[in-house]
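Chain and residue survey
Spelled out, the chains give:
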Number of protein chains: 2
Amino acid sequence: MVIEVAEYQERMKKTKERMATKGIEVLLVTDPANMNYLTGYDGWSFYVDQILAIFDDEEQPIWIGRTADANGAKVTTWLYHENIIPYPDTYVQSDIRHPMDFVAEILTQIGQDKRKIGVEMDNYYFSAKCFQQLVKGLPNATFIDATLLVNWVRLIKSPKEIELIQRAAVIAKHSMLEGIEMVDEGVRGCDVAAKISYTQLSGTSQYGGDYPAIVPLLPAGERTSTPHLTWTDEPYRKGENVILELAGCYKRYHAPIARTVQIGQPTANMKNLSNIVIEGLNACLNFIKPGVTCEEVEAIWRQTVEKYGVTKEFRLGYSMGLNYPPDWGEHTASIRKGDKTILLPNMTFHLIPAIWSEGDSFEISESFRVTPTGCEPLVDLPRELVIKDGMTFEKLNPVI
Amino acid sequence: MVIEVAEYQERMKKTKERMATKGIEVLLVTDPANMNYLTGYDGWSFYVDQILAIFDDEEQPIWIGRTADANGAKVTTWLYHENIIPYPDTYVQSDIRHPMDFVAEILTQIGQDKRKIGVEMDNYYFSAKCFQQLVKGLPNATFIDATLLVNWVRLIKSPKEIELIQRAAVIAKHSMLEGIEMVDEGVRGCDVAAKISYTQLSGTSQYGGDYPAIVPLLPAGERTSTPHLTWTDEPYRKGENVILELAGCYKRYHAPIARTVQIGQPTANMKNLSNIVIEGLNACLNFIKPGVTCEEVEAIWRQTVEKYGVTKEFRLGYSMGLNYPPDWGEHTASIRKGDKTILLPNMTFHLIPAIWSEGDSFEISESFRVTPTGCEPLVDLPRELVIKDGMTFEKLNPVI
């Protein structure tokens, strides 16, 4: 395991402290990122129900999942094998049995059925039906909403986590450079996505890459009016802009980054727009240091760009790190109006002040970590609108 | 759009018929595959809440999603633009506003708040909290469980869908061949995953690939004791077996396939195991035709392999087609004991009779479509344990 057992135990301790403040005695964790964070569990098995049950009075949690995946839990976690409890395959996608019925039975068998049970009501992979079956199967329990409880524990990264994110950032840099190099008139978006994905997964000669929680987002032309379209097999045309948003991923830790490429010379408006957005981004990065709040960072952005008549109604950024599909964001602190989270050293964010419109669209981002005195961008790439106009694009750095 | 509007309307009609039989007047669809199936909507935006609302007395559904994604709905769906309703970014991952509050308000404004409302209680991306907020926001509505309602409409594929799946199958074949060619002693799993992913996304020279709903699953060595581990950056060692499970994907339609590669000569047990599993798989494929049930197919498997003392407690296969992460399976018909679904022409399944164990593990699969007289494997690859033992592996077919 890449994380030491002592670090998992420390994470458990912090989780239990948060449980205590909310009066939670048993916490049922279904978010795969939170399961991984607390145990190391890593498999593409979150498409079936699985949980980690944490007890206020037990050192180790128990893992409950599909029989076929129990060996995966043995291979990837620090848990005692007797704490890995498989449910039979007859519970999988059945209309007569539900995995949460099994969970309720286990909790009852071990005398945990009359307790205050926290559930991740609004994390991924905890369906409305999951909750309904738990309530039915545990009539004597009291349920407490524990949405994002573990996510908030994840906010400040350990030195080891920073190291993993820095490795992800190297992969992000190379993936972006490969993508930028390839984007040009006549090139198909699918081939650019393929090259990016190759680089993301292959990683470097020293260490391999992991799959990012989001595939490369590559809108081009009119599709840049919206941020979450992927790619097509249409060749790019001269005059189009192409937005590349991607992450490097290492051991499930992410470093996202976005850049915009203009095929052919940009319009005056596009040049102007990119200059304004970059000025706003730089102003934020210069401002960020421990002690300032998320909403203060957003205010700096707004002050900087409003004088040019630019407004952005979207969230400017978010905390990120360990994750699984469908999102690399942590859903805790957001850089936006009203978010009073105070930035502290070793928080890591993706700051993405994009402007999408039905006219010109420009997106540029930085992932950064808060340092003791300021912040440090994680991915080493120039902050500019990339122009591809017939000339060979120079690789900014040799690929390692 | 790749699907014609008339086909979307036909899908809507079938959906409304199912709604009627369940007494549902308004159906709220949150599963991204179901949203795509009914409208064409395609974006990596399912990490925030979004829904499609279908009314028994309206021709067109309405799409409700994040403001930034509304243009994506305009670009990718057949809906009137006035039926695309964006919610402000302040609803995104907020602890004071929930997107389902907005949905409840819209339904109230258009007079749909006192109706019988179907919700996908156990599909992906409909959290326990989503349901709670809807119930709170629509106190005069009656809620009905509509889990898998649209999934069941998807069971039989149209000729156009078969064509898309066949294109996915070509990509699957090439991705598997590239993966198999690369697996060998000293090669890192991450590099094999990278090559597979490259081939999946790039597709063919005629058409590009889409991202599959599951990343390549590549357990090796002891990790083959469980099916859902991905890859590591450790080099493969002589004597290890490597399981490759992957899909080709085209316009969100999948063709999954699995093969096992032995590095070095297989043990006698491994050879034996692979022969038995292949005999069982062939027996199933020979048996399948319209009119037989899923559980009868499973019984054929069991009869074939039990005489060798092999048992498999897992589901043998499942309906598949259009999908998004985290699963390419449709969660409807399963090839297992107790499933009485009758096979009909143009149903498409992934049949995957793998044996995972802490000793030898062997996995091989076929995706097939049911034809008028039998079944047709979709991915054209030999059914065998692939042995890599120092010799150059011959490409079975040139890559197109």
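Look a little higher up for the structure.
Fair warning: this is a prediction, and the values are worked out from it, not measured in the lab.

For the rest of this paragraph, the subject is a nonpolar patch on the surface. On the surface, A:Ile156, A:Ile342 and A:Leu344 cluster together to form a nonpolar patch covering roughly 240 Å² of accessible area. Judged by relative accessible area, A:Ile342 falls into the partly exposed class, the value being 46%.

What follows concerns the relation of the copies chain B and chain A. Here chain B sits on chain A after a turn of 180° about the axis and a move of 0.0 Å along it, with an RMSD of 0.0 Å. Expressed as a symmetry operation, the mapping of one chain copy onto the other fits a two-fold axis. Across chain B, the smallest distance between a C-alpha and the rotation axis is recorded for B:Ala128, namely 1.8 Å. Interface residue correspondence from chain B to chain A reaches 100%, placing this contact among same-surface, isologous pairings.

A few words now on the pairing of strand β7 (residues 241–250) of chain A. All names here are of chain A. Judged by how many residues are buried, β7 sits mostly within the fold: 10 of 10 residues are covered. Two elements, β7 and strand β8 (residues 253–263), share 10 bridges in a ladder whose sense is antiparallel. In the strand pairing of β8, Tyr250 is matched with Tyr253. Connecting β7 to the antiparallel partner β8 that follows it, the hairpin turn spans two residues, and Lys251 within it adopts a positive phi of roughly 50°.

A word on helix α4 (residues 99–109) of chain B. Residues and elements named next belong to chain B. Turning to α4, its buried residues are Pro99, Met100, Phe102, Val103, Ala104, Ile106 and Leu107. Lining the buried residues of α4 we find β1 (26–29), β2 (51–55), β3 (62–66), β4 (84–87), β5 (116–119) and α5 (128–137). A positive backbone phi angle near 75° is found at Gly111, which sits one or two residues after α4.

A few words on the packing of aromatic side chains. Taken as a whole and assessed by the stated rule, the structure comprises 34 aromatic pairs over all chains. Between the aromatic rings of A:Tyr125 and B:Tyr125, the centroid separation amounts to 6.2 Å while the plane-to-plane angle is 55°, which identifies the pairing as tilted. Of the two residues, A:Tyr125 sits in the loop between β5 (116–119) and α5 (128–137) while B:Tyr125 sits in the loop between β5 and α5, which places them in two different chains. For the pair A:Tyr125 and B:Tyr125, one class covers both residues: buried. Lying across the ring of B:Tyr37, B:Arg11 places its NZ or CZ 4.1 Å from the centre. Positioned above the aromatic ring of B:Tyr324 is the side chain of B:Arg252, whose terminal nitrogen or guanidinium carbon lies 4.6 Å from the ring centre.

Listed per partner, the contact involves 77 residues of chain B and 78 residues of chain A. Between chain B and chain A, the buried area comes to about 6,200 Å², and carbon and sulfur atoms account for 54% of it. Inspection of the region where chain B meets chain A yields two salt bridges. Broken down by secondary-structure element, the contributors of at least two residues to the side of chain B that touches chain A are α3 (67–76), α5 and α8 (189–202) of chain B. The dominant element in the side of chain B that touches chain A, judged by the number of residues it contributes, is α8(B), at nine residues. Residue composition of the side of chain B that touches chain A, by class: 32 nonpolar, 25 polar and 20 charged.

Looking now at the pattern of salt bridges. Residue and element names in this part refer to chain A. Applying the stated rule across the entire model yields 48 salt bridges over all chains. A salt bridge links Lys195 to Glu178; the nearest nitrogen and oxygen atoms lie 3.0 Å apart. One end of the pair, Lys195, is in helix α8 (residues 189–202); the other, Glu178, is in helix α7 (residues 159–182), and 17 residues separate them in sequence. By relative accessible area, which is 27% here, Lys195 ends up partly exposed. Between Lys307 and Glu279 there is a salt bridge, with its nearest N and O atoms 3.6 Å apart. Here Glu279 lies in helix α9 (residues 268–287) and Lys307 lies in the loop between α10 (294–306) and β9 (317–320), a separation of 28 residues in the sequence. A residue is classified by how much of its surface remains accessible, and Lys307, at 57% relative accessible area, is exposed. Note on Glu279: relative accessible area 30%, which makes it partly exposed.

The rules behind each value
- Residues numbered from 1 in each chain as written.
- Chains lettered and ligands numbered in written order.
- Predicted model: local features only at pLDDT ≥ 70, side-chain atom pairs only at ≥ 80, totals over all residues.
- Heavy atoms only, no water.
- Patch = residues over 30% accessible without salt bridge, like charges linked within 9 Å, V, L, I, M, F, W, Y side chains within 5 Å.
- Areas by Shrake-Rupley, 256 points an atom, 1.4 Å probe, with all protein chains shown as cover.
- Salt bridge = Lys/Arg side-chain N within 4 Å of Asp/Glu carboxyl O.
- Buried < 20%, exposed > 50% of the residue type's maximum accessible area, 1.4 Å probe, protein only.
- Least-squares fit on C-alpha atoms with pLDDT ≥ 70 in both.
- Contact = heavy atoms within 4.5 Å.
- Helix = DSSP H or I, 4+ residues; strand = E, 2+ residues; numbered from the N terminus.
- Pairing = 2+ DSSP bridges.
- Phe/Tyr/Trp six-rings, centres within 6.5 Å; stacked < 30°, edge-to-face > 60°.
- Lys NZ or Arg CZ within 6 Å of the ring centre and 35° of its normal.
- Buried area = accessible area lost by both parts, 1.4 Å probe.
- Nonpolar A, V, L, I, M, F, W, Y, C, P; charged D, E, K, R; others polar.

In short, shape yes, function no, at least from these values alone.
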